[in-house]
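# Inside the fold
Here is what each chain is made of, one letter per residue.
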Amino acid sequence: MIGETRDLSSAELVAEATALFADGFRLALVAGFDDERGLRVTYSFLAATNRRFELRVALDARTRRGTSLAGVSFPASRFERELFDLYGVEPAGHPQRRPLVRHAHWPEGYHPMAAGAGPAPALSDDGGYAFIAVEGPGVYEIPVGPVHAGLIEPGHFRFSVVGETILKMKARLWFTHKGIERLVEGKSIDEVLVVAERISGDSAVAHGLAFARGVEDALGIAVDHGVEARRAVALELERLYNHVGDLGALANDVGFGLAQARALTLREQLLRLNERVSGHRLLRGVVTVGGARLLDVPTTFELDEIETRVAELTTMTLAQSIVVDRFTGTGVLSLDAVRELGVVGLAARASGLDLDARRDHPIEGVEVAPTILATGGDVLARYHVRRDEVATSLSTLREAAAGAGAYHLSSASGSGAGLGVVEGWRGPVVHRVEIVEGRVTRLKVVDPSFLNWPALAVALADTIVPDFPLVNKSFNLSYAGNDL
Amino acid sequence: MNLASLLTGATQLALVVLGGPLLLGLMRTVRSRLEGRDGPPVSQPWRDIAKLAHKQRTRPNESSWIFPAAPLVLVATAATVAVLAPLATLTPPLSASTDFIAVIFVLLVGSVSLALAALDTGTAFGGMGASRALTIGALVEPALLVAVLALSLPLHSTNLIAIVAEGSAHASVLVGPSHLLALGSFVVVILAESGRLPVDNPSTHLELTMIYEALILEYSGPDLALVTLGESMRLAIWFGLFVNLVAPWGIATHAGALAILLGVLAVALKVALAGVAVALFEVTTAKLRLFRLPELLAGGFILALLGVVTGAVMR
């Protein structure tokens, strides 16, 4: 369910949003619409115990002026920059409406999601991007990317540095902007599900499930408890292989290759388990609208073996004093910063913010695992959260009442709007789906990476340049999921 | 200098040139096996060098003559030391005047030329790498020089050949506290100078964390082949000097063909063992935070200083 909705005028927006924030809501998603029903913006708010609230604001399609929530919410300020680049909606009162999605080679005034924008025009010359220059004696810039050494997604990082200390880091993303939201318009539900599973390759289940839940919500499809149990199994398997991969990668980034080698072996074991359980190493195809398909379930023996080996891995890593020294106090993200920036998911929990969509938006028939919290907000805390979440995922899998089987809803049709919320391994994945007679007319996707990228720059304050890769890896944010 | 000493010099040079890349390959293989991987064959660095030699060369637009000259200087300085140092034999050319400090400074010319070339590229990474490498260099050199002082105390001479010969002739020198402390300092110095863990991670792809790798990011093709060769030669030389200071057994004491052959085999075996030992150590350790490195290097300096003090007191 989208929850309670309220239609507002621009003038009422700030006061209404402020009241919702005071009531414990967070702004989870902002979606623009520009179609025959006019130009409008919806603001989806979420809070614990599955409270949902949506504010809807209709705007004048000619002046395209909206009101900025930047003064009360940092995530809103970034949603508004996205909204300007894609729809040309001018957020009145926005303090820094710099381009976010738009790269300089997009023609001036081209807003791809606006009505009648047409196909993408030819790219013009790259006019560059105005990075804020930090000046002072001994300050120099290090540009990194978008092409990196190693298999890393494209992103450009601009460091302003004195000696080795980072004064400012600006991440320039959206190199992999694919126009997914436009691509899925008018497609059938099953076609869009295929796209949703590919939004971020490492979160196939989270995105697939968020979309499926959005559709089920929109069309009022009731989902069987057995189906939800199977979905939960897939979601935890996804968390497992990603967390285990990160536990190794974090050690590798401080030169402890032995842990990385062990973790990669373990990750491969998990991917093969995924293949046996779902027929796909990255668990694609498990979730369907109203259904779920599992070929098999993990055995207790397998889960016990994985638990032992993960415990060996983390014990070995944390017994290495150099590793602990590198992790401790590096890339600290304070709880205040987490609250102010609207950070979600694993990174928020590592700084002590108790936020977990599995508990806050529970699903009937799925046991809620205890939420893992850490304090400190440094690389070590994020390592600990991953380690402990592996343990809770394993116990969730052990207790899961899921059996192998497939249930597929033969046909989903109808119209409506719905919101799907899923706690993926990075954090909450939110899809807002609008369907008209079985066709998806609008899909807005928020990957936790979108909300968490600004936190990386904040966590880098007082960090030294050679520690950046480690801090970056400890967040391990998605570029594809962010850029859409 | 006669024909015999020229031949021994050529033998040592061939040994270092051929053996350097193999030493690198051996260390990588040991590491791979310990991590449960097959890893590339020991000859992989040689294959890389052969491949790179045939590739196109690119050079930064803004660079001057320093950039192409640096790999040549690196290889030339390493080759000079390979000829003159007591690796397989105590009778290399010019043995009467092979000063330990001179050897160190010839090698230093190689490292400084790479740092200059990195600055010459005009890129942020070049400058960053040069700054880090020279910072470490400035911390390593005092430790190294004081270690040399400790080693030179028994003979009152910094002649490298004489120091090794003394150890070879009187095993008691090798277990003296001053000698051992100096060699402890030497271990730290070698790990730092050759960019091994815990100082630098030679196998990382993370450009922002690099120290020595950042210096050579812009090199490609034959230039990179020379840099790879030069760096592996230096690694072999550092290890060769170290093993002969620790255990100069088997080193040829005269210019006979058989003695030199045995000397070659002995030093190759000892260096290989040292390579395996360092690889073993590297697997079990991680990379220190950059700002912690001065502590490690200061530790090396203290060891060397203690070596000098004990050496002076015990006389």
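Definitions and cut-offs
Residues numbered from 1 in each chain as written. Chains lettered and ligands numbered in written order. Predicted model: local features only at pLDDT ≥ 70, side-chain atom pairs only at ≥ 80, totals over all residues. Helix = DSSP H or I, 4+ residues; strand = E, 2+ residues; numbered from the N terminus. Rg over C-alpha atoms; globule rule 2.2 N^0.38 Å. Contact = placed C-beta atoms within 7 Å. Buried ≥ 20, exposed ≤ 12 C-beta atoms within 10 Å, placed from the backbone. Pairing = 2+ DSSP bridges. Axes fitted to C-alpha atoms, helices over the stretch in contact; angles between N-to-C directions. Nonpolar A, V, L, I, M, F, W, Y, C, P; charged D, E, K, R; others polar. Parallel < 35°, antiparallel > 145°, perpendicular 65-115°, else oblique. Left-handed = near helix turned anticlockwise from the far one by under 90°. pLDDT = per-residue confidence, 0-100. Core = buried A, V, L, I, M, F, W, Y, C linked by C-beta atoms within 7 Å. Expected span 1.5 Å × (residues − 1). Arc of directions from axis to C-beta.

## Concerning the overall build of chain B
From N to C terminus, chain B includes 12 helices and 0 strands. Mapped in sequence order, the helices and strands of chain B form the string α-α-α-α-α-α-α-α-α-α-α-α. Taking 2.2 N^0.38 as the reference for a compact globule, 315 residues should give roughly 20 Å; the C-alpha atoms of chain B span a radius of gyration of 19 Å, in line with that estimate. Its C-alpha atoms put chain B at 55 × 45 × 45 Å along the principal axes. Within chain B, residue pairs in contact and separated by at least 24 positions form 79% of the contacts whose partners lie at least 6 positions apart.

## Side note on the overall build of chain A
Check the secondary structure of chain A and you find 16 helices and 15 strands. Radius of gyration (C-alpha) of chain A: 22 Å, near the 23 Å computed for a compact globule of 484 residues. Seen through its C-alpha atoms, chain A measures out along the principal axes to roughly 65 × 60 × 45 Å. Across the 484 residues of chain A, 51% fall into the buried class. Considering only contacts in chain A between residues 6 or more positions apart, those separated by 24 or more positions represent 66%.

## Digging into the pairing of strand 14 (residues 428–436) of chain A
Where a strand is regular, its side chains alternate between the two sheet faces. Residues and elements named next belong to chain A. Within strand 14, 8 of the 9 residues are buried, leaving the element largely enclosed by the surrounding structure. Hairpin connection of strand 13 (residues 416–423) to strand 14: 4 residues between the antiparallel strands, including G427 at a positive phi of 160°. As paired strands, strand 14 and strand 15 (residues 439–446) are joined by 7 bridges and run antiparallel to one another. The residue of strand 15 that forms the bridge with R432 is K444. Where strand 14 folds back onto strand 15 in an antiparallel hairpin, the turn is made up of 2 residues, including E437, whose phi is positive at roughly 50°.

## Concerning the sheet that holds strand 10 (residues 287–288) of chain A
Residues and elements named next belong to chain A. Spatially, 10-11-12 is the arrangement adopted by the 3 strands of the open sheet, whose pairing is antiparallel. One side of each edge strand has no neighbouring strand; the edge strands of this open sheet are strand 10 and strand 12 (405–407). The sheet contact formed by strand 10 and strand 11 (residues 291–294) spans 2 bridges and is antiparallel. Paired with V287 across the strands is A292, a residue of strand 11.

## Quick notes on the sheet that holds strand 14 of chain A
Residue and element names in this part refer to chain A. Ordered in space as 13-14-15, the 3 strands form an open sheet in which the pairing is antiparallel. In the strand order of this sheet, the two ends are held by strand 13 and strand 15, each with one partner. Sheet twist, expressed as the mean angle between neighbouring strand axes with direction ignored, is 15°. Sheet strands in contact with helix 5 (residues 204–219) are strand 13 and strand 14, and its direction is about 145° off that of strand 13.

## With respect to the environment of R309 of chain A
All names here are of chain A. Note on placement: R309 falls in helix 8 (residues 300–318). On the neighbour-count criterion, R309 (16 C-beta atoms within 10 Å) is partly exposed. For R309 and L266, which are 43 residues apart along the polypeptide, the C-alpha to C-alpha distance reads 7.6 Å.

## Things to note about the interface of chain B and chain A
If you look at the interface, chain B gives 22 residues, while chain A gives 26 residues. Its residues assigned to classes, the side of chain B that touches chain A shows 11 nonpolar, 6 polar and 5 charged.

## A word on the packing of helix 2 (residues 44–53) of chain B against helix 10 (residues 221–246) of chain B
Residues and elements named next belong to chain B. Orientation of helix 2 relative to helix 10, taken along the N-to-C sense of each, is 150°, at an axis distance of 7 Å. In terms of orientation, helix 2 and helix 10 fall into the roughly antiparallel class. As helix 2 packs across helix 10, the resulting crossing turns out to be left-handed. Where helix 2 abuts helix 10, its residues P45, D48, I49, L52 and A53 lie against G221, P222, L224, A225, T228, L229 and S232.

## A closer look at the confidence of the model for chain B
Mean pLDDT over chain B works out to 91, with 100% of the residues at or above the 70 mark. The ipTM value of the predicted complex is 0.88, and its pTM value is 0.91.

## Focus on the nonpolar core
V215 of chain A together with A82, A143, A147, A150, I237 and A304 of chain B are the most contacted members of the largest nonpolar core, which has 247 residues in total. A per-element tally of this core places helix 5 (residues 124–152) of chain B first, with 15 residues. Not counting residues up to four positions away in its chain, the partners in contact with A150 of chain B are S178, L181, A182, A304, G307, V308 and G311 of chain B.

## Things to note about helix 8 (residues 177–193) of chain B
Residues and elements named next belong to chain B. Over its 17 residues, helix 8 runs 24 Å from end to end, which matches the ideal 24 Å to within 8%, given 1.5 Å per residue. Of all 17 residues that make up helix 8, 12 are buried, and the element is covered over most of its length. Along helix 8, the residues classified as buried are S178, H179, L181, A182, S185, F186, V188, V189, I190, L191, A192 and E193. Tucked into the core, helix 8 has its buried residues touching helix 5, helix 7 (171–174), helix 10 and helix 12 (293–314). Backbone geometry just downstream of helix 8 places G195 in the positive-phi region, at approximately 65°.

## Description of the environment of R97 of chain A
Note on placement: R97 of chain A falls in the loop between strand 6 (90–92) and strand 7 (139–144). Taking the C-alpha atoms as reference, R97 of chain A lies 8.3 Å from F84 of chain A; in sequence the two are 13 residues apart.

## Things to note about the packing of helix 8 of chain A against helix 13 (residues 379–399) of chain A
All names here are of chain A. Following both chains from N to C, one finds helix 8 and helix 13 inclined at 170°, their axes separated by 10 Å at the closest point. Looking at the two axes, helix 8 sits roughly antiparallel to helix 13. Within the contact between the two elements, helix 8 uses T300, L303, I306, E307, V310 and T314 and helix 13 uses R387, V390, A391, L394, L397 and R398. Each residue belonging to the contact of helix 8 with helix 13 can be placed in one class, and the counts come to 7 nonpolar, 2 polar and 3 charged.

## Some remarks on helix 1 (residues 10–22) of chain A
Residues and elements named next belong to chain A. Those residues of helix 1 lying buried are L13, A17 and L20. Buried residues along helix 1 cover an arc of 60° about the axis, so they all sit on one side. Residues of helix 1 that are exposed and point over 90 degrees away from its buried face: A11, A15, A19 and A22. Looking at the buried residues of helix 1, the elements they touch are strand 1 (4–8), strand 3 (38–47), strand 4 (51–59) and strand 5 (65–67). One or two positions beyond helix 1, positive phi appears at G24, with a value near 95°.

## Concerning unusual backbone geometry
The omega angle of the peptide bond from L197 of chain B to P198 of chain B is 5°, so this bond is cis rather than trans. The residue L283 of chain A is not glycine, and still its phi comes out positive at about 65°. Classification of L283 of chain A as buried rests on a count of 26 C-beta atoms within 10 Å. Although it is not a glycine, N476 of chain A adopts a positive phi angle of roughly 40°. With respect to the helices, strands and loops of the structure, N476 of chain A is situated in the loop between helix 15 (468–475) and helix 16 (480–483).

## Overview of the environment of N476 of chain A
With 21 C-beta atoms packed within 10 Å, N476 of chain A lands in the buried category. On a C-alpha basis, the gap between N476 of chain A and D246 of chain A in space is 7.9 Å, while along the polypeptide they are 230 residues apart.

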